[in-house]
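Fold and geometry: a report
Given next are the chains, with one letter for each unit.
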Amino acid sequence: MEDMEIDGTEAQPYVLIETGNLPITVGNRPIYTNGRYISKPAPIPLKSTKTGVVYDRRMRYHANIHEEEHHPEDPSRISSIQTTFKAAGCLEKMVLINAREVTKDEVRLVHTDEHWDFVAKTSALSEAQLGKVADDYNSIYVNKETALSARLSCGGVIELCKAVARGDVTNGFANVRPPGHHAEINEPMGFCFFNNVAVAAQCLKRDLKIEKVFILDWDIHHGNGTQKAFYNDPNVVYCSIHRYDNANFYPGDPQAGHTYVGGGQAKGKTINIPWPRPGMRDSDYIYAFNKVVMPIAYEFDPDIVIVSAGFDAAEGDPIGENHVTPSAFGHMTHMLKSLAAGKLVLALEGGYNLDSISNSALACVKVLLGEHPAKLGPIKPSQECVETIYQVIRVQSRYWSCLKPVYIDSTE
């Protein structure tokens, strides 16, 4: 046996072969000349990484006409990000995925007919009527172009997700607005009209037969609409890292707490990591990734990963009041790239400091393009972070074998 080596041949199981008779293969044929095998190794095909980007200036047409003061969900959010991508030389390396308007049939995978009709009819309302609509709902504004912008935003995310799922591109960034993760089945809210990520995930499942989707939401706000869309779906994991403040931070829903884990056969498929205060930093997010997000994601083994990529947890955001740096967003993107054979889509949600969102999005896109994330420094989570993660694991360890069972409820 000392003269034998283990080798694998094409389309054959690994077998024991005598060293002296080891064939060299090109394609599926060994090369034999002058009474002996000769070495002529075949070139190794290298798959290049292609990163898609979605952007359409018509999504800027949705603007606030109701108040004179500046609104944080400003049209310049996406143009600022796009300008930053261009200045950094990223756009020339990316593949433009054209946005198109989402169809009613696609929207109905998540929302009701009445919801579709409500959004569509805003294009025909007077300015006074638009003002009344904005007052009647929770934290939205509307103008005559809102419906078009919302359809493009949702359709753009769908197109990018499909391009990644098919392998047309490896990964991508959807630079879209209005955002989507607050939009519920029959209600717009929190600057959102159609739930872009939820609709895209349902389209992947229906149209491309994608079986398992992992949705990571790192927006500072809990994605109440996305959670409700998949709360009973065992094939979609919704994992959110958000500011909670004991349900006193928007959207102020107790269901953003860590004890809400999914229903029926989907228990454990909803994972909430609710920060108890503002001021959370890089170390807190990386600690959450290492202890909860990535172990669960590896165990779930998704076919594609979609990020609700809000950047209102970034340093400098006036609403989120957290201190996450572009480097940390890059590191989180880098970790998520290890899942689903690299099939990763980042879809813009919130973020209201133009410099913060632009620099954070750029850090993510550089990683998507193949660069290494910038150095972070030592990871030293806060006490509040460690306590929060402990409570999350305490509940989620009932459903995931990768988490140490620190707590077992004897009644279950």
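Heads up: the structure comes first, above all this text.
Residues numbered from 1 in each chain as written. Predicted model: local features only at pLDDT ≥ 70, side-chain atom pairs only at ≥ 80, totals over all residues. Heavy atoms only, no water.

**Describing the overall build of the protein chain**
We count it as follows: Runs of H or I in DSSP of at least four residues are treated as helices and runs of E of at least two as strands, each being numbered from the N terminus. Burial classes: relative accessible area under 20% of the type maximum marks a residue as buried, over 50% as exposed, and values in between as partly exposed (1.4 Å probe, protein chains only).
When you go through the protein chain residue by residue, the secondary structure sums to eleven helices and 14 strands. Looking at the protein chain as a whole, 54% of its 412 residues are labelled buried.

**Points about the pairing of strand β14 (residues 344-348)**
Threshold: Strand pairing is assigned whenever DSSP detects at least two bridges linking the two strands.
Counting buried positions along β14 gives five out of five residues, so the element sits mostly inside the fold. Alternating residues of β14 divide into L344, L346 and L348 and V345 and A347, and every residue in both groups is buried. Across four bridges, the pairing between strand β9 (residues 171-174) and β14 is parallel. Residue pairing in the sheet places F173 in a bridge with L346 of β14. By the bridge criterion, five bridges tie strand β13 (residues 304-309) to β14 in an arrangement that is parallel. Within β14, the position partnered with I306 by the bridge is V345.

**Focus on the nonpolar core**
Where we set the bar: Joining through side-chain atoms within 4.5 Å is the link that ties buried Ala, Val, Leu, Ile, Met, Phe, Trp, Tyr and Cys residues into a set, and such a set is a nonpolar core. By definition in these notes, contact holds between two residues if any of their heavy atoms fall within 4.5 Å.
Ranked by size, the top nonpolar core spans 109 residues in total, and within it F214, W218, I273 and F311 carry the most contacts. Among the elements that line this core, the one with the most residues is helix α5 (residues 146-166), at twelve residues. Non-local contacts of F214, meaning those with residues more than four positions away in its chain, are made with V237, C239, V293, I296, A297, F300, P302, I304, V305 and I306.

**Focus: the pairing of strand β12 (residues 270-275)**
Taken across its six residues, β12 has six buried, putting it largely inside the fold. Covered by surrounding structure in β12 are T270, N272 and P274 together with I271, I273 and W275, the residues of both alternating faces. Of the strand pairs in this sheet, strand β11 (residues 236-243) and β12 are connected by six bridges, and their pairing is parallel. Within the sheet, the bridge partner assigned to R243 lies in β12 and is W275.

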